[in-house]
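Structure at a glance
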Amino acid sequence: MTFYDWYNEHVRLIVDNRYKLKGALVWTPYGFKMQRLVYNKLRALLESTGHQETRFPLMIPETQLQKEKEHVKGFNSEVYWVTHGGSSKLEEKLALRPTSETVIYPMFALWIRSHADLPLKIFQIVNTFRYETKHTRPLIRDREITFFKEAHCAHANQKQAQQEMDSIEKTYKEFFDALCTPYYIVKRPAWDRFPGAEETVAFDQVMPNGKTLQIATSHNLGTGFSKMFEITYEQEDGSHNHPVLTCHGISGRCIAGLISAHGDERGLVLPPEFAPVQIAVVPVIFKNKEDPTKTAEKVFDSIKERWRAVIDKTDETPGAKYYRWEQQGVPIRVELGPREVKENKALLVRRDTGEKKSVALSSLDKELEKLAKNITETMHEKAWEKQKSLTKKATNPKQLKDGFTYEVEVCSEECAKNLEEKLEYRGNIVGKKAKGKCIACGKPAKSVGLMSNAY
Ligand SMILES: [Zn+2]
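Residues numbered from 1 in each chain as written. Predicted model: local features only at pLDDT ≥ 70, side-chain atom pairs only at ≥ 80, totals over all residues.

1. Looking at the sheet that holds strand 18 (residues 345-350)
Threshold: In this analysis, strands are considered paired if DSSP registers two or more bridges between them. Segments assigned H or I by DSSP are reported as helices when at least four residues long, segments assigned E as strands when at least two residues long, and all are numbered from the N terminus. Only the contacting stretch of a helix is used when fitting its axis, a line to C-alpha atoms as for every element, and angles between N-to-C directions run 0 to 180 degrees.
If you walk across this open sheet you meet the five strands as 16-15-17-18-19, and the pairing is mixed. Only two strands of the sheet have a single neighbouring strand rather than two, namely strand 16 (309-311) and strand 19 (356-360). On average, each strand axis in the sheet is inclined to that of its neighbour by 25°, with strand direction left out of account. For strand 17 (residues 332-336) and strand 18, the ladder comprises four bridges, and the chain directions are antiparallel.

2. Side note on the domain arrangement of the protein
Rules: Residue ranges for the domains originate in an automatic or database domain assignment.
Segmentation of the protein into domains returns domain 1 (3-262), domain 2 (277-370) and domain 3 (392-452). Its C-alpha centre places domain 1 at a distance of 41 Å from the equivalent point of domain 2.

3. Focus on the packing of helix 2 (residues 29-48) against helix 6 (residues 158-178)
As a reminder, the rule being used: Here roughly perpendicular refers to angles of 65 to 115 degrees, roughly parallel to angles under 35, roughly antiparallel to angles over 145, and oblique to all remaining angles. The crossing is said to be left-handed when, going from far helix to near helix, the turn is anticlockwise and less than a right angle, and right-handed when the turn is clockwise. Contact between two residues is assigned whenever their backbone-derived C-beta positions fall within 7 Å. Only Asp, Glu, Lys and Arg are considered charged in this grouping, and only Ala, Val, Leu, Ile, Met, Phe, Trp, Tyr, Cys and Pro are considered nonpolar; every other residue, Gly among them, is considered polar.
At a closest axis distance of 10 Å, the pairing of helix 2 and helix 6 adopts a crossing angle of 155°. In terms of their interaxial angle, helix 2 and helix 6 are classed as roughly antiparallel. For the crossing formed where helix 2 meets helix 6, the hand is right-handed. Counted together, Lys41, Leu42, Leu45 and Leu46 of helix 2 and Thr171, Glu174, Phe175 and Ala178 of helix 6 form the full contact between these two elements. Here the residues of the contact of helix 2 with helix 6 sort into five nonpolar, one polar and two charged.

4. As for helix 2
For clarity, the threshold we go by: Working rule for helices: expected span equals 1.5 Å times residues minus one. We call a residue exposed when 12 or fewer other C-beta atoms sit within 10 Å of its C-beta, buried when the count reaches 20 or more, and partly exposed for counts in between; the C-beta positions come from the backbone. Working note: the arc is built from the helix axis to C-beta atom directions.
Helix length check: helix 2, at 20 residues, gives a terminal C-alpha distance of 28 Å against a target of 28 Å (1.5 Å per residue), a fit within 8%. For helix 2, every residue scored as buried is listed here: Gly31, Met34, Gln35, Val38, Leu42 and Leu46. Projected down its long axis, helix 2 shows its buried positions confined to an angular sector of 110°, all on one face. In helix 2, those exposed residues whose orientation departs by more than 90 degrees from the buried face are Pro29, Asn40, Ala44 and Ser48.

5. Concerning the sheet that holds strand 4 (residues 59-61)
Pairing is antiparallel across the open sheet formed by three strands, whose spatial order is 4-6-5. Since the sheet does not close on itself, it has two edges, and those belong to strand 4 and strand 5 (81-85), each with one partner. Neighbour to neighbour, the strand axes of the sheet diverge by 45° on average, direction disregarded. Direction of pairing for strand 4 relative to strand 6 (residues 88-96): antiparallel, over a ladder of three bridges.

6. Describing helix 6
An ideal rise of 1.5 Å per residue puts 30 Å on 21 residues; helix 6 measures up with 30 Å between its terminal C-alpha atoms. Those residues of helix 6 not exposed but buried are Ala161, Glu164, Ile168, Thr171, Tyr172, Phe175 and Phe176. Down the axis, helix 6 shows its buried residues gathered within 125° of arc, on one side only. Exposed residues lying more than 90 degrees from the buried face of helix 6 are Lys159, Asp166 and Lys170. Close packing links the buried residues of helix 6 with helix 2, strand 8 (144-155), strand 10 (199-206), strand 11 (212-222) and strand 14 (244-250). In the stretch just after helix 6, cysteine 180 is the one whose phi turns positive, near 60°.

7. Observations regarding the environment of glutamate 92
Here glutamate 92 lies in strand 6. Looking at glutamate 92, the number of C-beta atoms within 10 Å reads 9, which means it is exposed. A C-alpha to C-alpha distance of 56 Å links glutamate 92 and isoleucine 332, two positions 240 residues apart in sequence. If near-sequence neighbours (up to four positions away) are discounted, glutamate 92 is found in contact with Pro61, Glu62 and Thr63.

The structure is reproduced here in structure tokens:
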């Protein structure tokens, strides 16, 4: 089974793409619950670092969108336009936000007055629209991008902006570590930055097919946008200055990355913290033996306050029950058969490794706690190992093959760009010192890069 076959089959538990509009998704109730767990984590992390949640309009007047030239150039071909209100043509076309810099910064111009207003750090979680001409894939490349968290911050100076860039990198690490998702932190070269940005830092995850998925970005926008939108603040000495802006984003791709990092041939595998159902209690019924359902109900009652738990009282075969919860990625199954009932025990089955452990009912709570922690640690470790095994070193362009991401060394941005154009691989800079020769020209290399086939 190829990665795409696996992905298309199992992503459907989370989002359904059979709606009759290309690149538009329907979140299932199960997927929506999972999304809420994931994004509440992200919200809490952002709020704990001083970002406040807001909501801005979806539509952008054409003149406003086109204020920052480089920015527009980067998005022009992907913008959806609203041209009519009812049957009358609008005087000015309205864009559906592809991203919200040009929506938010005019408000910053009104809100920011003095140095005391800085830093200003806000975010919103919204849908954005990009007319993708490439092949769409649910949660990986959509035309309506769902759950796009975009944060926008204004700082008194470059030093404050850099502090925010560093702080957000830390926040993102914490977020993806919680999801047990592996990543590389890279800097995008000049030609591949966010339109209008002076620096772009990205989190790239190596997917099971060796391609990289950009799962988060942060951008230092300098003062370009604040000049265009006339954002100024009064400094302590009474003079006026333009604030330095930064922005950072994470989309529903973080969920594509999460399920791809951990899934196996039986379906989803989810870390307990983000599993909509953490524990499935399954009475295992045998003919002519005592029915364990009553004990299972008691067990379920005793854990349901503490855990997101379900009890499976369907009359399907044990195999069919196991399959259902495994496919959904439920981290722990608590099985109760006649033997367990007789011995006052329960059989704990973990989804990530399939390991089973018989525990006394009296210590169930403690055992579940321990197991959930261990599952998280194991998933984290396994996912990082997998990413490592999908990353190879290459010293000659001929060594680059589909199915892997490569660490390479280059002498200059020019060599990296040439190589990228020739191979259709995306090049990035990682913060390591080069020791060898440039993969493109053979001269002494200056920087280490990551080359991959990217989404
Ligand atoms: Zn070179």
